[in-house]
Amino acid sequence: MELTIDMLRVDSPLVDTVLGWHWREWSHEHDDADLDAWRRHIVERTNLDRVPFTLVAHLDGTPVGSLAVCDDDRDDRFLDRGPWLSGMFVIGPARNLGVGRALLRTAEEQARGLGVPELWLRTGEAGPFYDRCGWIYVARKEQVQDDAVMRRTL
Ligand SMILES: CC(C)(COP(=O)(O)OP(=O)(O)OC[C@H]1O[C@@H](n2cnc3c(N)ncnc32)[C@H](O)[C@@H]1OP(=O)(O)O)[C@@H](O)C(=O)NCCC(=O)NCCS
């Protein structure tokens, strides 16, 4: 299978593909989730030459995952750090094929090329995935409701 990763463009129909993924995966965690606001949020993350930007992965031309680098999904304990990863998602049938790792690597390369020295992220459940991909824990999850915080020097 051929894996390709592209920058999400503001006028692309993939904006709504990414929105659908995010909405189905995470809206139930937010009592005040608003589809239009979530769409605006994705549109804001479509720069091609600076943060915030979004990557979309395709397998044989089918969109299968996304990842954003942004400044608006911070952990309260590290507000002065960043930029932050957000919206890491791979569709179920495409998991465990290396798509997530490739999205991470591309986000890291892209950010490094823009002069970003390090990236940060917070995660409820996916810490072991990022750990496997070379990220370092800054704060580990200690209670069920906690997020772990991780970072990677570029
Ligand atoms: C987490 C997620 C992005 C991983 O994507 P993926 O394409 O399946 O990951 P990859 O195939 O690139 O896996 C890379 C490595 O991480 C490991 N890995 C993948 N998911 C893992 C998990 N949940 N826990 C531990 N390790 C994991 C893989 O085994 C692989 O290891 P290896 O290459 O050393 O054998 C995907 O499962 C997903 O979208 N989950 C739902 C949304 C989510 O939780 N997003 C993260 C929000 S912070």
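For the structure, see preceding data.
Conventions used here
For every chain, the first residue of the written sequence is number 1, and numbering continues from 1 onward in sequence order. Local features in a predicted model are, by the rule used here, given only for residues with pLDDT of at least 70; side-chain atom pairs are given and counted only at 80 or more, and totals for whole chains, interfaces and linings are based on all residues. Each helix is a run of H or I in the DSSP string that is no shorter than four residues. Each strand is a run of E no shorter than two, and both are numbered from the N terminus. What the globule rule says is 2.2 Å times the number of residues to the power 0.38, and the radius of gyration is computed from C-alpha atoms. For the exposure call, what matters is how many other C-beta atoms sit within 10 Å of a residue's own: 20 or more marks it buried, 12 or fewer exposed, and in between partly exposed, using C-beta atoms placed from the backbone. Any residue pair is listed as a contact if its two C-beta atoms, each placed from the backbone, are within 7 Å. In this description, strands pair whenever DSSP reports at least two bridges between them. In this entry, near means the residue's backbone-placed C-beta atom lies within 6 Å of the molecule or strand. All residues other than Ala, Val, Leu, Ile, Met, Phe, Trp, Tyr, Cys, Pro, Asp, Glu, Lys and Arg, Gly among them, are scored as polar; the first ten of these are nonpolar and the last four charged. In this usage, the nonpolar core is the set of buried Ala, Val, Leu, Ile, Met, Phe, Trp, Tyr and Cys residues whose C-beta atoms join them within 7 Å. By this rule, a helix spans an expected 1.5 Å times one less than how many residues it contains.

Caption draft 1: Expanded view of the overall build of the chain. When you go through the chain residue by residue, the secondary structure sums to four helices and seven strands. When the helices and strands of the chain are listed from N to C terminus, the series reads β-α-α-β-β-β-α-β-α-β-β. Taken over the C-alpha trace, the chain has a radius of gyration of 15 Å; the compact-globule value for 154 residues is 15 Å, and the two agree within 12%. Its C-alpha atoms give the chain principal-axis dimensions of about 40 × 35 × 30 Å. Residue burial in the chain is summarised as follows: out of 154 residues, 26% are buried. For the chain, the share of sequence-separated contacts (at least 6 apart) that also reach a separation of at least 24 residues comes to 56%.

Caption draft 2: Molecular detail of unusual backbone geometry. In this model, Val51 is joined to Pro52 through a cis peptide bond whose omega is 5°. Following the sequence through the fold, Pro52 ends up in the loop between helix H2 (35-44) and strand S2 (53-59). The backbone of Asp60 sits at a positive phi, close to 50°, despite the residue not being glycine. With respect to the helices, strands and loops of the structure, Asp60 is situated in the loop between S2 and strand S3 (62-70). Although it is not a glycine, Asn96 sits at a positive phi angle of roughly 60°. Inspection of the secondary structure assignment puts Asn96 in the loop between strand S4 (84-90) and helix H3 (99-113). Judged by the 7 C-beta atoms lying within 10 Å of it, Asn96 is exposed.

Caption draft 3: Structural detail: the pairing of S3. Among the nine residues in S3, seven count as buried, and that is most of the element. Across seven bridges, S2 lies against S3 in antiparallel orientation. For Ala57, the partnering residue across the bridge sits in S3 and is Gly65. Between S2 and S3, which pair antiparallel one after the other, the connecting turn spans two residues, and Asp60 there sits at a positive phi close to 50°. Sheet topology places S3 next to S4; five bridges connect them, and they run antiparallel. Among the inter-strand pairings, Cys70 is bridged to a residue of S4, identified as Trp84.

Caption draft 4: Region of the structure containing the site of the ligand. In the vicinity of the ligand lie 18 residues, with Arg95, Gly100, Arg101, Thr123 and Pro128 positioned nearest. Of all the elements in the fold, those that place two or more residues in the shell around the ligand are S4, H3 and helix H4 (127-132). Partitioned by chemical class, the residues of the shell around the ligand number nine nonpolar, four polar and five charged.

Caption draft 5: Highlighting the nonpolar core. Membership of the largest hydrophobic core comes to 27 residues, with the highest contact counts inside it found for Leu55, Leu67, Val69, Leu85, Leu103 and Ala107. Counting only elements with at least two residues in this core, the list comes to S2, S3, S4, H3, strand S5 (118-123) and strand S7 (148-153). Non-local contacts of Ala107, meaning those with residues more than four positions away in its chain, are made with Leu55, Leu67, Val69 and Leu85.

Caption draft 6: Region of the structure containing the environment of Met88. Structurally, Met88 is set in strand S4. Note: C-alpha distance between Met88 and Ala68 (20 residues apart in sequence) is 7.0 Å. Beyond its immediate chain neighbours, meaning those up to four positions away, Met88 contacts Leu67, Gly100 and Leu103.

Caption draft 7: Main features of H3. In this model H3 runs 21 Å from its N-terminal to its C-terminal C-alpha over 15 residues, within 8% of the 21 Å that 1.5 Å per residue would give. Where H3 is concerned, the buried positions are Val99, Gly100, Leu103, Leu104, Ala107, Glu108 and Ala111. Positive phi appears at Gly115, one or two residues downstream of H3, with a value of about 85°.

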